[in-house]
Amino acid sequence: MKPKFFKKKQKGIAERKTEVTRKNEVPYKTVALGILLWLFTTWLFFYSGIVRHIDIAEGQHVPSTITAEVDFECEDLSATALKSDEAGNAVLPVFSIDPIPAQKATKVVGELFNRLQLLTTAPSNEYQRIENSMGDLLIGIGSPVTAKELASLFPSNQIVSARTSLATNIVKVMSAGILSDESRRTRFLDAPDRQLTIIDPEGTPTKTVSQQDIHSTRGAIQAITVQISGKEQRELAERLLGSLVKENMAYDETATEILRKQAAEAVEPVLKEYFKDSALARAGEPVTQQILLLLKSHEQKRQEEQEVFEQILEIVGNGILLLAGLIATAVILRVIAPRMVRRPDQILLLVILSLFTLGLARLLIYLSVQYPLLIPPALLTYLVPHALAILLAGILLGGSAAICLGLWTSFATAVLFDQSFNVFALGLLITITATSTARNVHRRSSLFQAGLWVCAVKVLFVLVAAILNRPILPVLAGQVVAAILSGMLSTVFALLLIPLFEKLFKITTDITLLELSDMGHPLLQKMAIQAPGTYHHSLMVATLSQNAAEAIGANPLLVRVCAYYHDIGKMAKPEFFTENIQHKENPHDELSPHMSALVISSHVKEGLTLAKRHKLPQPVMDAIEQHHGNGLISYFYHKAKSMQGDGKTTMADIINDSDFRYGGAPAVSPEMAILSLADASEAASRSIEKPSPQKISNMMDDIFTAKIRDGQMDYANLTMAEINIVKQSFIFSLSNMLHGRIPYPKDHENNATQPTEKPSDPSAKSPKAD
């Protein structure tokens, strides 16, 4: 026979009926979501193989010596640049020919000889006019030749042939180009064998000639007049052409540079072979473009020569590393937020938020590989938007979820960036900053302050890293800009996404709670009119709850807003509740205790109906349901027991305490527990005659003990120390709320009441409650 202390305690019917059981089954949905997150992250990171991130920037010092793992070839930038310069310098200077001087010279010569022909056949009265017009034309071109000289040396039978010869030769000679002696000295340093390229008006190279084959101004004039037989005629023609034939070749610097650039780009890269185990960069050596190219070429060659089995093995190793990080994060989450582990909807939100960060990090690496000029590798670490998911998690799910999410995303991105400690450290710093600043975001504008803190931390990290790595100034400036841009964009997108996630996952943030705290809400206005006693009671409960929540580090805004709305169900039958009866007859005098208990407990159901109708958030509905829990309506229960003892009821009417209990559930959070205690404490405090701190303290002891014994605090996640802090906060607040006043004596002369000073006699009568 077992001793008595081994016997199992037998539970009564009412106790079994109202018992709340807790299940300890495995959260299979949460486990499944974790496995899916791990598989998807592994695929996202390594679906195209492992991409090693080059975590050094130009100008910084190499942290440790880097050696080659395989034989490979890489372009020698200095040799290629030298070869390109040689190719560019080998490009001949480009000249263009201006056709206008030839056209002008041809026109002037034709017009002059036409007038000369008219002059030879003109009558005497027209002779002087034509001669004057020729003189004007010659003066206009600045020629020293006169009309009389032309008329005397070119008879009428030679005018046509001279005109045709000069016009033809002008076009022929000037279209080939004329280069002055001065240009020869400045452009070619009098080197007769130097060549040049001539282009047409469309910019297309037409021919390449030696500068000695190009006519000078004097040579061009002689070439034009070579067909004139008479010496005097030829000399006169040369004097005439001296003012018409000019240099018509101009150096085209733009076209020359384009051809030189094309020639430089056409040069094949100079490749240099590097062997396995050779040093690619030595410790302390400044990073140059050549070193960055060496590391990139080496990684490409290593991936090409790596066997498939080795690639799979490397991916599996990184996948196991990711799994270890995810398991560690899950364990931490289970320790600091055990309820969240059993909320698949919240775990799904964490998965989605983590994929935001990890997906964007993978996208940035892809863009950096494809477009290195657009997103330089040196900026990648600071462009990853760590803060986006953490800010959203902190506002939507709380600080515990944000810390766990930040730990996971920091670890995963560090694995993606080839186990980069800098990435992991930066992610942790942003996690701490974003979590701490997002805790008190009650307004949407406050989110930008959190974003500024994130930007400040990222910039500070950039500067600290710059002290160690010493990058060049342009790279440092780019990293600072990338850090600020990433932080601000994360803040803006967080602000835009908060309403979406609130709607999809039915989450109530402090921002929404602050909007509900507006006393102009229709429900609160209606309660103030229909149930003014309940309205005042709600305000007092809100004050008590907020002070207590602040004392133990709970959410004061949540418990305050919940206190405003927790008794809205009393508006259905306000006259049945003590605070609204005032001096009227008590309707419960006409009801049985069972019926009174039913009416009193119905305000929970009515409150839930009103909350759903007005689309109040879930925390407020939880407050309506849990502020009484499944507690006993003790007044009517004891009244029923008393009536049974007095014989006012038959023995067949069995008094079952489950009939006198509320239909809600015990509080499951510190905030709901504080609200439940505050509701009972404020209501009971109104019954104290001549309240004093000692009386209030004794009553609080009774109420708290009763709540604990009744099991209403079993699942509230509060320690006894925290419950005691809540009790002391209530005692302090109620002692100040229920303070006494000195009675005002009447002035019998004018029948007015005048305030009096507090009596100094210690035996004076204590004041009544206000």
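Residues numbered from 1 in each chain as written. Predicted model: local features only at pLDDT ≥ 70, side-chain atom pairs only at ≥ 80, totals over all residues. Heavy atoms only, no water.

Q: Describe the overall build of the protein chain, naming the residues involved and giving the relevant values.
A: Within the protein chain, the secondary structure is distributed over 32 helices and ten strands. Every one of the 770 residues in the protein chain was classed for burial, and the buried ones make up 44%. Pairs at least 24 residues apart make up 77% of the contacts formed inside the protein chain by residues separated by at least 6 positions. For the protein chain, the exposed surface amounts to about 41,700 Å²; the carbon and sulfur share of it is 58%. (Helix = DSSP H or I, 4+ residues; strand = E, 2+ residues; numbered from the N terminus. Buried < 20%, exposed > 50% of the residue type's maximum accessible area, 1.4 Å probe, protein only. Contact = heavy atoms within 4.5 Å. Areas by Shrake-Rupley, 256 points an atom, 1.4 Å probe, with all protein chains shown as cover.)

Q: Give me the lowdown on the sheet that holds strand β6 (residues 249-251), citing residues and values where you can.
A: Backbone-to-backbone hydrogen bonds join strands into a sheet, with any given pair of strands oriented parallel or antiparallel. The strand order across the open sheet formed by four strands is β5-β4-β3-β6, and the pairing between neighbours is mixed. Looking at strand neighbours, the two that pair on one side only are β5 (205-210) and β6, the edges of this open sheet. Each neighbouring strand pair of the sheet contributes to a mean axis angle of 35 degrees, computed without reference to strand direction. Here strand β3 (residues 94-97) pairs with β6 via three bridges, running antiparallel. Its bridge partner lying in β6, F95 is registered against Y251. (Pairing = 2+ DSSP bridges. Axes fitted to C-alpha atoms, helices over the stretch in contact; angles between N-to-C directions.)

Q: Help me get a handle on the nonpolar core, residues and values and all.
A: General note: in soluble globular proteins, nonpolar side chains tend to be found buried as a group. By size, the foremost hydrophobic cluster in this structure holds 70 residues, and its most contacted members are L350 and L392. Non-local contacts of L350, meaning those with residues more than four positions away in its chain, are made with L333, M340, A393, L397, A401 and L405. By size, the runner-up hydrophobic cluster in this structure holds 53 residues, among which are L516, L524, L610 and I703. (Core = buried A, V, L, I, M, F, W, Y, C linked by side-chain atoms within 4.5 Å.)

Q: Can you lay out the environment of I320 for me, pointing to particular residues and giving the numbers?
A: With respect to the element layout, I320 can be found in helix α13 (residues 308-336). Looking at I320, the relative accessible area reads 53%, which means it is exposed. I320 sits 282 residues away from W38 along the chain, and the two C-alpha atoms are 9.4 Å apart.

Q: Hey, could you go over a negative patch on the surface for me, with residue numbers and the actual values?
A: A cluster of acidic residues, D71, E73, E273 and D277, forms a negative patch on the protein surface. Its location among the elements puts D277 in the loop between β7 (271-274) and β8 (279-281). (Patch = residues over 30% accessible without salt bridge, like charges linked within 9 Å, V, L, I, M, F, W, Y side chains within 5 Å. Salt bridge = Lys/Arg side-chain N within 4 Å of Asp/Glu carboxyl O. Lys, Arg positive; Asp, Glu negative; His and termini not counted. Charge placed at Lys NZ, Arg CZ, Asp CG, Glu CD.)

Q: Give me the pattern of salt bridges: which residues, what numbers.
A: One pass over the full model with this rule turns up eleven salt bridges. With its nearest N and O atoms 3.3 Å apart, the salt bridge here joins R239 to E149. In this pair, R239 is assigned in helix α10 (residues 231-241) and E149 in helix α6 (residues 147-153), connecting sequence segments 90 residues apart. Under the relative-accessibility criterion, R239 is labelled partly exposed at 37%. Through salt bridges that share partners, D567, K570 and E579 make up one connected network.

Q: Could you give an account of the packing of aromatic side chains, with specific residues and numbers?
A: Evaluated as defined, the whole model comprises twelve aromatic pairs. Where F72 meets Y274, the ring centres are 5.4 Å apart and the plane angle is 15 degrees; that geometry is what we call stacked. Taken as a pair, F72 in strand β2 (residues 72-75) and Y274 in strand β7 lie far apart in primary sequence, 202 residues in all. For F72, a relative accessible area of 3% corresponds to the buried category. When its relative accessible area of 13% is taken as the criterion, Y274 is described as buried. Joined through ring pairs, the aromatic side chains of F40, W43 and Y47 make up one cluster. (Phe/Tyr/Trp six-rings, centres within 6.5 Å; stacked < 30°, edge-to-face > 60°.)

Q: How would you sum up helix α18 (residues 399-416)? Please name residues and give values.
A: For α18, which comprises 18 residues, the first-to-last C-alpha distance of 25 Å matches the rise-based estimate of 26 Å (1.5 Å per residue) to within 8%. Within α18, 13 of the 18 residues are buried, which leaves it mostly tucked inside the rest of the structure. Once α18 ends, the next one or two residues include D418, with phi positive near 60 degrees. (Expected span 1.5 Å × (residues − 1).)

Q: I'd love a proper account of the side chain of S143, names of residues and values included.
A: Position of S143 relative to the elements: it lies in the loop between α5 (124-140) and α6. Among residues more than four places away in sequence, those in contact with S143 are L138, R239, L240 and S243.

Q: Hey, could you go over the side chain of S596 for me, with residue numbers and the actual values?
A: By the secondary structure assignment, S596 is in helix α27 (residues 593-613). In contact with S596, other than residues within four places in its own chain, are H588, L591 and F636.

Q: Explain helix α20 (residues 446-469) to me, using residue names and the numbers behind them.
A: With 24 residues, α20 extends 35 Å from end C-alpha to end C-alpha; this agrees with the ideal 34 Å at 1.5 Å per step. Directly after α20, the chain includes R470, whose backbone phi takes a positive value near 50 degrees.

Q: So, the packing of helix α15 (residues 344-370) against α18: which residues are in play, and what are the values?
A: Between α15 and α18, whose axes approach to 10 Å, the crossing angle comes to 25 degrees. Judged on the interaxial angle alone, α18 and α15 are roughly parallel. The two elements α15 and α18 cross, and the hand of that crossing is right-handed. Contact with α15, carried on its side by L350, L353, S354, T357, L358, A361, R362 and I365, involves A401, L405, W408, T409, A412, T413 and L416 of α18 and no other residues of that element. Looking at side-chain class alone, the contact of α15 with α18 contains ten nonpolar, four polar and one charged residues. (Parallel < 35°, antiparallel > 145°, perpendicular 65-115°, else oblique. Left-handed = near helix turned anticlockwise from the far one by under 90°. Nonpolar A, V, L, I, M, F, W, Y, C, P; charged D, E, K, R; others polar.)

Q: Describe the environment of D345, naming the residues involved and giving the relevant values.
A: Checked against the element boundaries, D345 lands in helix α15. Overall, the relative accessible area of 30% leaves D345 in the partly exposed class. Separated by 160 residues in sequence, D345 and F505 place their C-alpha atoms 7.0 Å apart. Within the structure, the side chain of D345 is placed 3.1 Å from the side chain of R343, a separation counted as a polar contact. (Polar contact = N/O pair within 3.5 Å; in protein donor to acceptor, adjacent residues only side chain to side chain.)

Q: Tell me about the packing of helix α17 (residues 386-396) against helix α19 (residues 421-438), and name the residues and values.
A: The angle between the axes and the distance between the axes are what describe a pair of packed helices. Orientation of α17 relative to α19, taken along the N-to-C sense of each, is 30 degrees, at an axis distance of 9 Å. The two elements α17 and α19 cross, and the hand of that crossing is right-handed. Contacts between α17 and α19 pair H386, A387, I390, L391, G394 and I395 from the former with V423, G427, I430, T431, A434, T435 and A438 from the latter. Residues of the contact of α17 with α19, tallied by class, amount to eight nonpolar, five polar and no charged.

Q: Please set out the confidence of the model for the protein chain residue by residue, giving values where relevant.
A: Per-residue confidence for the protein chain averages 83 on the pLDDT scale, and 89% of its residues sit at or above 70. Within the protein chain, no element has a lower average pLDDT than helix α1 (residues 13-18), which sits at 41, and none a higher one than α18, at 94. Long-range and interchain partners of residues 1-22, a stretch whose pLDDT sits below 50, account for 14 contacts in this model, where long-range means more than four residues apart. (pLDDT = per-residue confidence, 0-100.)

Q: Would you mind going over unusual backbone geometry in detail, with residue names and values included?
A: In the Ramachandran plot, K690 falls in the positive-phi region, its phi being about 50 degrees despite a non-glycine side chain. In this structure, K690 sits in the loop between α30 (670-685) and α31 (693-709). Even without a glycine there, the phi angle at N717 is positive, about 60 degrees. Within the element layout of this structure, N717 appears in the loop between α31 and α32 (720-737).

Q: Before we move on, could you go through the pairing of β5 and cite the residues and values that matter?
A: Looking at chain direction, strand β4 (residues 195-199) and β5 are connected through five bridges and run antiparallel. Bridged to I199 within β5 is P205. Turn length for the β4-β5 hairpin, with the two strands adjacent in sequence and antiparallel, is five residues, and the turn residue G203 shows positive phi of about 90 degrees.

Q: How would you explain the pairing of β3 if you had to name every residue and give the values?
A: Pairing geometry for β3 and β4, over three bridges, is parallel. Bridge pairing in β4 places S96 opposite I199.

Q: Which residues make up the environment of L558, and what values do they have?
A: You can see L558 is positioned in helix α25 (residues 556-565). Expressed as a C-alpha distance, the spacing of L558 and S545, which sit 13 residues apart in the sequence, is 9.6 Å. Leaving out residues up to four positions away in the same chain, L558 has contacts with L513, P619 and E671.

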